[in-house]
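Report on the structure
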Amino acid sequence: MSAATHEFLTLLEAFKRGDSQASARLISLVYDDLRRLAHANSGGAAGRTMNTTALVHECYLKIVEPAAISVESKHHFFNLASRAMRQVLCDYARERIAEKRGGGAPHDTLSKVDAELSAEATSLIELDELLNRLAEVNPSAARVFECRYFAGLSEQETADTLGLSLRTAQREWNEARQWLAKQMS
Amino acid sequence: MDQAQTELIDRFRTGAALRGRLFGHLVDEAGAGPKLSSGAEVGPWTVLELLGSGGMANVYLAKRTDDAFEQFVALKVVRRNTGLVDRLRHERDLIAALRHPHIVSLIDAGETPEGDLWLAMALVEGVPIDAYAEQLKLDWRARIELFDAVCGAVEYAHGRALIHRDIKPANILVDGDGHPRLLDFGIAFEQSAGDGGDRAMTPGYAAPEQIAGEPLTTSTDIYQLGLVLKRLMQAGTAPAMPSSARFDLTALIDRALAAEPARRHATVSALREDLAALLARRPLAQHATSLRIRAARFGERHRLPIVVAAVATLALSIGLIASAVQLRNERDRALANEQRAQAIAKFLVDTLAQANPWGASAGGGTVLEAMDRAAERLDAGLDESIDVRRELREAIANVYTMIDEPKRCLSLLSSPSAEQDGRAASGVQQAKLAIMRSECHLALDEREPSWTWLDRAERALADNATPEADRLRAWILADKGQLLSLNGKLEEANLELERALTLAKRSGSHEQEYRSYRMLGVNLQASNQFERSADLLRRAAEISAKTLGPTHRSTLTTIGHLAASLDRIGRTEEAERLLQQALASLGTVKLRDGDAQIVTAQLQFNLATLYFQRLRLDECIVHARAAYDTTVGGTPESSSQAFNPAWRVATCAYLAGDFELADEFATHALRYAHNGVPVGVINAERMLAAVAARAGDAARANEHLQRAETAFASTEVTSPTILTALQLTRALCALARNDRLAAAQHLSDADQRLASGKNNPAWLTQERAQVAALIGG
């Protein structure tokens, strides 16, 4: 295991235990890649279409040394990472909403960007809660959704990671999306 | 399935969560690094609370850690960012020297041990400019006037070679009194070039050239100002405007927002001219031919090969040379030099406004060559207006002074066409030029013409009673004080400096006030008036700490002098602590190595002197040697700066009986003394004679003594100490050639001097005792 992989897994453990600084450190570990990922996709850079999945991979592979890692541990890692992604992002969304309610900075005028962010955070929290409910009725579909939506894994990777057939993974992805859309609309 | 559901399903795409703005923000905040908790120490600052975070930085309310000066700041801690660190290395002095009512000043900056960058800025409370206009429902005139104040700040900074790079409403805060303040000058973050041009610019406020990853110029700021104006005029309910004014406003904004930088306003002052025309309801300048634009054309036509790589180099060397000059003659010109640096920058930026200074390719000759060509063309290019010629001439003269070329500076300023242009200049202009000529003469150690030009400068101001004239008068008087003190006329010097101080206070110029306090403090120290000296130097240190920052070289060197005075009134412990603190705080300032080196040398020397006064010779030798090594490493062989520390080592070694070391360092001291310290020549030769005499080498001792005598005869020496020390050396040399009678005679002469002296230094008494013992034995 490389030092980076080790650090990542240690942080992941700390994060699961509820260490609030862990998510920030987790992200700063792969910060530069994530930043590229985030900014390539946020619509600011015109004329550049980025393959999210490819970027995500580049990012993961930085952590998980490709040569040294077995297929099983790679799947294990993707499994952890997709859960972590969801948790980190949803925690962040909740934090933001709470901060806004708490008043925040005295002169913090709610700009358009802030409003958009808050809307995004709210719908993400809703999605998170719905996913918890989905996990009760169809745990496998909820996991498939997590891998694809939050971690950017491809169909095949999702199937491999969760030990499903490709067909099942595809079906459950569709089921999850339809169920969620129905609940939300 | 209904339409809404289909749309939702479409939104659930692979990696969609990673495409949102929320994720981008999360990453940015994580990028700002772990948040510091209250009580954490960053450089000399203690974190109190988090004010906000975003981009790649966290901003805290912080307090200065030591109790010397209580100060609260907004402390921005930027995650490791080499691009910004590199640029700050070049620009920090310029940014730190920004003093404008509408600019939030950068007080200090440094790097943490982890390599994060910290920036201490003045605290401001306020709301973003657009929100302010909205809340107060400002009318169109009030909005434009508010915006014009911001432009004034940007114009000021451009004149000092600084580009903001990230002007947006969130960076312009308006306080309760309606004063706008621009934040974060010159410290907008950029990614390194290797990052695919992916700059962390503010989306929506980036100029086309920023998006394209092209080099940024003053035009970029003009574009962003255009966007701010547009936003400001639309904030809340757009204010009513006469339709013709609205038409002009649209034209103005369109011009500022032109995609091609060359089609925008050439300078902020051109933009402001249009704003003024709009407010006065005059037609906008279609073909503005302001001075600066003509200056720019001049530059273009003659294709000055000054690239802005040169600006960077120059900005750096300015700092170094400035401090070199300062240290050599004990003349503090740090603040004046910063002003000069700004004038040069103004020239470079203004003349080359269109030439994309920040992204120039390599090459283009040295600054000196470029300046020479520019100077030549100035005299040939008589078709330019007098104003343009004068402004350019002043700028080139400034560059010459900065790069230590006083002769070139003088010949430029005294050419027939310069003289002719000068006669048409205003009194204030003439005074400025005269001061410059005076300082060039002084740099050449031509004291009489230097004095004459100061007189002329004074006359040129006549009965002008403006604060600017008072500021120049204070400057002139301080220079006169300096000249007098160089000539050993301390009392007269102090009178001039007292007058300078009064005028400086009246003119409101902190810079001149600081100079007067400091020079007077140093002079009073030389006249043994230590109490008052300490008082004045403390004030000088306070002004400097407030205006330039607590770790600025001027502050630290002033503290060095202050420590010396404190030491002499018996407050040795306080002095020692101040010096140790200053040396320690230098450890946190990593950005300007060259400067830090020079200041370190000075402080080490101050500490050595303190030990020397107490005859703590071993400690003195350690610090003086350190000062010597640091100085030699950072200054040219032709300067005299290394004299003082070398001489200090030599004296300590001599008194400690280590004659070998004394000989070695007296030889070093002599070498540097020949670069313009005549008294040093006497001292060093005298010591070499004494060392040789003690070793019994009468011939060599005599040789050095003769040289010391020759130097003594040709120098106006007023210090009784030097004469006494020379007497003692004469005694030693007489002893070496076995002439006990002559030796005794010299000793008794020395005794007479000592008996009449009031403040005989300890080392001299010790030397006398040793010589007496040798003669007696």
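In case you missed it, the structure is sitting above this.
Below, the structure is looked at part by part. Quick caveat: nothing in here was measured; it's all calculated off a predicted structure. (Residues numbered from 1 in each chain as written. Chains lettered and ligands numbered in written order. Predicted model: local features only at pLDDT ≥ 70, side-chain atom pairs only at ≥ 80, totals over all residues. Heavy atoms only, no water.)

**Here we look at the nonpolar core**
Residues and elements named next belong to chain B. Counting residues in each nonpolar core, the largest one holds 79 residues, and the members touching the most others are Leu 603, Tyr 654, Phe 665, Met 687, Val 771 and Ile 775. Those residues in contact with Val 771, other than ones at most four positions away along the chain, are Leu 728, Ala 731, Leu 732 and Leu 747. Counting residues in each nonpolar core, the second largest holds 55 residues, with Val 127, Ile 167, Leu 227 and Leu 278 among its members. (Core = buried A, V, L, I, M, F, W, Y, C linked by side-chain atoms within 4.5 Å. Buried < 20%, exposed > 50% of the residue type's maximum accessible area, 1.4 Å probe, protein only. Contact = heavy atoms within 4.5 Å.)

**Quick look at helix α23 (residues 553–568) of chain B**
Residue and element names in this part refer to chain B. If you check α23, its first and last C-alpha atoms are 23 Å apart, about what 16 residues at 1.5 Å a residue would give, namely 22 Å. Counting buried residues in α23 gives 14 out of 16 residues, a clear majority hidden from the surface. Positive phi shows up at Gly 570, right after α23, with a value of about 85 degrees. (Helix = DSSP H or I, 4+ residues; strand = E, 2+ residues; numbered from the N terminus. Expected span 1.5 Å × (residues − 1).)

**Overview of unusual backbone geometry**
Residues and elements named next belong to chain B. In this structure, Lys 137 takes a positive phi of about 45 degrees despite not being glycine. For Lys 137, the location among the structural elements is in the loop between α4 (129–135) and α5 (140–158). Overall, Lys 137 belongs to the exposed group, its relative accessible area being 67%. Of note in this structure, Arg 165 is not a glycine but carries a positive phi near 80 degrees. Mapped onto the elements, Arg 165 comes out in the loop between α5 and β8 (172–174). When its relative accessible area of 6% is taken as the criterion, Arg 165 is described as buried.

**Observations concerning the environment of Ala 256 of chain B**
Note on placement: Ala 256 of chain B falls in helix α8 (residues 243–256). Discounting chain neighbours no more than four positions away, the residues touching Ala 256 of chain B are Ile 222, Tyr 223, Gly 226, Arg 264 and His 265 of chain B.

**Things to note about the pairing of strand β6 (residues 117–121) of chain B**
Put simply, side chains in a regular strand alternate between the two faces of the sheet. Residue and element names in this part refer to chain B. Across the five residues of β6, five count as buried, placing the element largely inside the fold. Of the two faces of β6, the one lined by Leu 117, Leu 119 and Met 121 and the one lined by Trp 118 and Ala 120 are each fully buried. Pairing of strand β4 (residues 72–78) with β6, which is carried by five bridges, proceeds in the antiparallel orientation. Within β6, the residue paired with Val 77 across the bridge is Trp 118. In this structure, the hairpin formed by strand β5 (residues 106–111) and β6 is closed by a connection of five residues, where Gly 115 is found at a positive phi of approximately 90 degrees. (Pairing = 2+ DSSP bridges.)

**Side note on the pattern of salt bridges**
Residues and elements named next belong to chain B. Within this structure, the stated rule accounts for 35 salt bridges over all chains. Here Arg 700 ties to Asp 663 by a salt bridge, and the two come within 3.4 Å at their closest N and O atoms. Here Arg 700, found in helix α30 (residues 698–713), pairs with Asp 663, found in helix α28 (residues 659–673); they are 37 residues apart in sequence, far enough to count as distant. Residues Arg 768 and Asp 751 are paired through a salt bridge, measuring 2.6 Å at the closest nitrogen-oxygen approach. Of this pair, Arg 768 sits in helix α33 (residues 762–776) while Asp 751 sits in helix α32 (residues 740–756); the two residues are 17 residues apart in sequence, bridging distant segments of the chain. The exposure class assigned to Arg 768 is partly exposed, which follows from its relative accessible area of 25%. (Salt bridge = Lys/Arg side-chain N within 4 Å of Asp/Glu carboxyl O.)

**Points about a nonpolar patch on the surface**
Where nonpolar side chains cluster on the molecular surface, the patch consists of Leu 48, Leu 51, Phe 72 and Leu 123 of chain B and spans about 320 Å² of accessible area. The topology assignment puts Leu 123 of chain B in the loop between β6 and β7 (127–128). (Patch = residues over 30% accessible without salt bridge, like charges linked within 9 Å, V, L, I, M, F, W, Y side chains within 5 Å. Areas by Shrake-Rupley, 256 points an atom, 1.4 Å probe, with all protein chains shown as cover.)

**Focus: the packing of aromatic side chains**
The full count for this structure, using the stated rule, is nine aromatic pairs over all chains. Seen from their ring centres, Tyr 149 of chain A and Phe 12 of chain B are 5.8 Å apart, and the 75 degrees between their planes marks the pair as edge-to-face. Placement of the pair is Tyr 149 of chain A in helix α7 (residues 139–150) and Phe 12 of chain B in the loop between α1 (3–11) and α2 (21–31), with the two residues belonging to separate chains. Across this residue pair, the class does not change: Tyr 149 of chain A and Phe 12 of chain B are buried. When the centroid spacing of 6.3 Å and the interplanar angle of 10 degrees are considered together, the rings of Phe 643 of chain B and Trp 647 of chain B count as stacked. (Phe/Tyr/Trp six-rings, centres within 6.5 Å; stacked < 30°, edge-to-face > 60°.)

**Examining the sheet that holds strand β9 (residues 180–182) of chain B**
Residue and element names in this part refer to chain B. Pairing in this open sheet of three strands is antiparallel, and the strands run β7-β8-β9 from one edge to the other. For this open sheet the edge positions go to β7 and β9, each flanked by a neighbour on one side alone. Running at roughly 30 degrees to β9, α5 makes contact with β8 and β9 of the sheet. (Axes fitted to C-alpha atoms, helices over the stretch in contact; angles between N-to-C directions.)

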